[in-house]
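# Secondary and tertiary structure notes
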Amino acid sequence: MRELILALFAGVIVGIVFKFIKLPLPAPPVLPGVIGIVGVYLGGVAGSWILQQFFQG
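Anyway, here's the lowdown on the structure attached to this text.

### Some remarks on unusual backbone geometry
Positioned with a positive phi, Lys 22 is a non-glycine residue whose angle comes to about 55 degrees. Relative to the assigned elements, Lys 22 resides in the loop between α1 (2-20) and α2 (30-54). On the basis of relative accessibility, which here comes to 72%, the residue Lys 22 falls in the exposed class.

In C-alpha cells form, the structure reads like this:
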C-alpha cells in the first residue's frame, strides 16, 4: 500500500511540474495507458510462469 501512495504522489508531483513549465504530460491517453500498463504486468506474470514451467533447473 505504501508503494501505491508513493507512486501516486510522485505522479502528481511530475504532473504539476510539467504543467508549470508548460510541457505536455509524459503519459499516453488515460484508457490506452492503463491497458498498456496492465499488458506489461500480465506479460511479466506470463513470463515468470513460462520460466517456472519450462525452464526449471
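That was the structure; now back to the text.
### What to know about a nonpolar patch on the surface
Taken together, the side chains of Leu 8, Phe 9, Val 12, Ile 13, Ile 16, Val 17, Phe 20, Ile 21 and Leu 23 present a nonpolar region at the surface, about 890 Å² in accessible area. Tracing the chain through its elements places Leu 8 in helix α1. Its relative accessible area of 60% is what places Leu 8 among the exposed residues.

### Considerations on the environment of Gly 43
Examined against the element boundaries, Gly 43 turns out to sit in helix α2. C-alpha separation for the pair Gly 43 and Phe 18, spaced 25 residues apart in sequence, amounts to 30 Å.

What counts, and at which threshold
Residues numbered from 1 in each chain as written. Predicted model: local features only at pLDDT ≥ 70, side-chain atom pairs only at ≥ 80, totals over all residues. Heavy atoms only, no water. Helix = DSSP H or I, 4+ residues; strand = E, 2+ residues; numbered from the N terminus. Buried < 20%, exposed > 50% of the residue type's maximum accessible area, 1.4 Å probe, protein only. Patch = residues over 30% accessible without salt bridge, like charges linked within 9 Å, V, L, I, M, F, W, Y side chains within 5 Å. Areas by Shrake-Rupley, 256 points an atom, 1.4 Å probe, with all protein chains shown as cover. Salt bridge = Lys/Arg side-chain N within 4 Å of Asp/Glu carboxyl O.

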